[in-house]
There are 2 protein chains.
Amino acid sequence: MDHRTGPLIVLEPSRLAGTRYGNRPTMKDVAARAGVGLKTVSRVVNGEPGVTPETERRVQDAIEALGFRRNDSARVLRKGRTASIGLVLEDLADPFYGPLSRAVEEVARAHGALLINGSSAEDPEREQELVLALCARRVDGLVIIPAGDDHRYLEPELRAGVATVFVDRPAGRIDADVVLSDNHGGARDGVAHLIAHGHRRIGFIGDMPRIHTAAERLRGYRAAMEDAGIPVAEAWMSLGATDPLRVRRAAEEMLSGPSPVTAIFAGNNRVTVTVIRVLAEQRRQVAFVGFDDIELADLLQPGVTVVAQDAAALGRTAVERLFRQLDGSLIAPEKIELPTRLITRGSGELPPAD
Amino acid sequence: MDHRTGPLIVLEPSRLAGTRYGNRPTMKDVAARAGVGLKTVSRVVNGEPGVTPETERRVQDAIEALGFRRNDSARVLRKGRTASIGLVLEDLADPFYGPLSRAVEEVARAHGALLINGSSAEDPEREQELVLALCARRVDGLVIIPAGDDHRYLEPELRAGVATVFVDRPAGRIDADVVLSDNHGGARDGVAHLIAHGHRRIGFIGDMPRIHTAAERLRGYRAAMEDAGIPVAEAWMSLGATDPLRVRRAAEEMLSGPSPVTAIFAGNNRVTVTVIRVLAEQRRQVAFVGFDDIELADLLQPGVTVVAQDAAALGRTAVERLFRQLDGSLIAPEKIELPTRLITRGSGELPPAD
């Protein structure tokens, strides 16, 4: 069925079936087995009039034989409530999540579903608490930017038919759909760009190493350096919290001493806004490339060269996949990786100062 | 009771009582009438052990006599779910709401409550749909940045005991708590600052006039001009959508013709990011002050002078008031206005070009 034109109807395999994706039957299977049209199945499932008792019995028999039952969301819908999608963010104040959230909301809206958000504030316990609270409030599906790395707590919900797509970072210890940016490739491109402009001593300042994107971007940095045959000094890499104090100290350390870095690669937009502030205070020019685009990057002097992710495309791709799970048209979890784009504006094209 | 130290327990007046704030009894009233401690009332309300049947009967009698019943949220809590607060935003991608949302989340968290967000996308119907969906999902209270100007649809929810505080913009046609910035005074200060630097032909570009903050800031602009005895030309004022195309056209029109404006005041941060882009393309210098601070405003050339709101304080004040409603310690709705702050960085101190 097409959610764009019809009401949202969610069928799920029986809890006894155990698996979520394996041979998950659809409304079409019910219709085929009962020998009726999809519309008739929909009428029976939604308790709408216009079906003879005989046909209704046939449909009910098919539903039973196939081991289906309506899930709670569908029951909620029958009571006239709106279908809803939960979005679990990592930080409400990070501008990266603005376009991502809005894209998820727009697609949800196009499917007639309401979007409910929450934030884990980068705390795995809060993520779990929030996800389970949203499930308890009968969301039909979840788009999750995970803070934790063990999502086995979700297994009962998945079996109960809650659709789930992870975005920006993968799920841990469960098999689930995930939509990522090419973090490794993007960082490698950005660092290779600095190397192409003559830099060899290049610093990397990133988020906490337990965060998937931070680790992948560091891998990309290392790969670019290795590709160019440049040995990496430990002092050039700093991973940790992205608060201004920590990032400032890291940048200032790399820029001091007898052989300072001549370029810095920032692991995300929160790092970027602090590093470019530190660089503006330096006497010598230091080249810079940041992962994530930032607002007004083109108006700064020099313009800020970035490896841009398409945050809206991440959100849109994730939630579209979620609705395909809900209509039963997906078979197995997939990993989808979206490309990044190097945008040159000046800061990444500066030559080494020495 | 203090939510910081105890579980969240919500009592509400009977629907028959009709009003929400008038003489709303608290748990203390129940305890006083029954002649027991608060803890005992809490135990009875939560169905916890440790109360003799006789004491329980006394507490139940007091609850009945005072016309209370537990609300649905409390029943949800008894089942072991987390208390929750809903936050209804206007635009998920507007960075102004980032610190506001995070502040609401932090206070909610300190009270042991979960924060659930949603966005109206500046559409009154979506606002209503979202608010009612959150109520149906049993949030204990709502912080609302309203898109609409008629909130009578909330009256049954208010009577049913859902706590509500409006923030950034007032409620329409109902009596409700509201926390605002001093939009009128802030805009007047910003425009007076431009006048003090010699400007007389000053443009105002703002959001749609039906939005409270846009209308108030325009009033502030007019007041500053009137205070200085400067007649305002219609061509200097442009209110409408804040998308880049509309704002760009408005700015370019004011800057062309035989007597162009020498300064522009922007009604919010979305307008600011487009106007400073237009100004960067101009041959002559044009002074600028924007309402709302923006990230990296200090690193641009010239630095961007702004009238800053404290978005985090707006959120914090609103949600703290919400929890005071929930613990029954508020009597009547109030309007709270927070001051703004002029931050001079260069763009607002440029003299007129002619």
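If you're wondering where the values come from, they're calculated on a predicted model, not measured in any experiment. (Residues numbered from 1 in each chain as written. Chains lettered and ligands numbered in written order. Predicted model: local features only at pLDDT ≥ 70, side-chain atom pairs only at ≥ 80, totals over all residues. Heavy atoms only, no water.)

So what about the confidence of the model for chain A? Which residues, and what values?
All names here are of chain A. Mean pLDDT for chain A: 86, with 88% of residues reaching 70 or above. This model gives residues 1–24 a pLDDT under 50, and the stretch forms 69 contacts once residues within four places in sequence are excluded. Scoring of the predicted complex yields 0.78 for pTM and 0.76 for ipTM. (pLDDT = per-residue confidence, 0-100. Contact = heavy atoms within 4.5 Å.)

Quick rundown of the packing of helix H10 (residues 244–254) of chain B against helix H11 (residues 269–281) of chain B? Include the residues and the values.
The description of two packed helices rests on the angle between their axes and on the distance between the axes. Residues and elements named next belong to chain B. It is at 9 Å that the axes of H10 and H11 come closest, and there the two elements cross at 45°. By the angle between their axes, H10 is oblique relative to H11. Handedness of the H10/H11 crossing: right-handed. In this structure, H10 contributes Pro 244, Val 247, Arg 248, Ala 251 and Glu 252 to the contact, and H11 contributes Val 271, Thr 274, Val 275, Arg 277, Val 278 and Glu 281. Considered class by class, the residues forming the contact of H10 with H11 number six nonpolar, one polar and four charged. (Axes fitted to C-alpha atoms, helices over the stretch in contact; angles between N-to-C directions. Helix = DSSP H or I, 4+ residues; strand = E, 2+ residues; numbered from the N terminus. Parallel < 35°, antiparallel > 145°, perpendicular 65-115°, else oblique. Left-handed = near helix turned anticlockwise from the far one by under 90°. Nonpolar A, V, L, I, M, F, W, Y, C, P; charged D, E, K, R; others polar.)

With reference to specific residues and values, describe the pattern of salt bridges.
Opposite charge on two side chains allows them to pair when their charged atoms are near. Under the counting rule described, the total for this entry stands at 30 salt bridges over all chains. Notably, a salt bridge pairs Arg248(B) with Glu252(B), separated by 3.1 Å at the nearest N-O pair. A residue pair is termed a helical-turn pair when its members lie 3 or 4 positions apart in one helix, as Arg248(B) and Glu252(B) do in helix H10 at four residues. With relative accessibility at 23%, the residue Arg248(B) sits in the partly exposed group. Given the relative accessible area of 35%, Glu252(B) is considered partly exposed. Among the ionic pairs, Asp293(B) bridges to Arg345(B), the shortest N-O distance being 3.0 Å. Here Asp293(B), found in the loop between strand E11 (287–291) and strand E12 (305–308), pairs with Arg345(B), found in the segment after strand E14 (341–343); they are 52 residues apart in sequence, far enough to count as distant. For Arg345(B), a relative accessible area of 25% puts it in the partly exposed group. Several salt bridges converge on common partners, so that one network encompasses Glu90(A), Glu122(A), Asp168(A) and Arg169(A). (Salt bridge = Lys/Arg side-chain N within 4 Å of Asp/Glu carboxyl O. Buried < 20%, exposed > 50% of the residue type's maximum accessible area, 1.4 Å probe, protein only.)

A description of the relation of the copies chain B and chain A should follow, citing residues and the corresponding values.
With an axial shift of 0.0 Å and an RMSD of 0.1 Å, the rotation relating chain B to chain A amounts to 180°. What the superposition gives is, in effect, a two-fold axis relating one chain to the other. If distances are taken from each C-alpha of chain B to the rotation axis, the shortest is found for Asn117(B), at 2.3 Å. Mapped onto chain A, 100% of the interface residues of chain B again fall at the interface, so both copies present the same surface. (Least-squares fit on C-alpha atoms with pLDDT ≥ 70 in both.)

How would you sum up the packing of aromatic side chains? Please name residues and give values.
Residues and elements named next belong to chain B. Tallied over the entire structure, the rule returns six aromatic pairs over all chains. Pairing Phe 96 with Tyr 97 gives two aromatic rings, centres 5.2 Å apart and planes at 70°, and the pair type is edge-to-face. Residue class for Phe 96 comes out buried when judged on its relative accessible area of 10%. Here Arg 217 stacks its cationic end above the ring of Phe 291, 3.9 Å away from the centre of that ring. (Phe/Tyr/Trp six-rings, centres within 6.5 Å; stacked < 30°, edge-to-face > 60°. Lys NZ or Arg CZ within 6 Å of the ring centre and 35° of its normal.)

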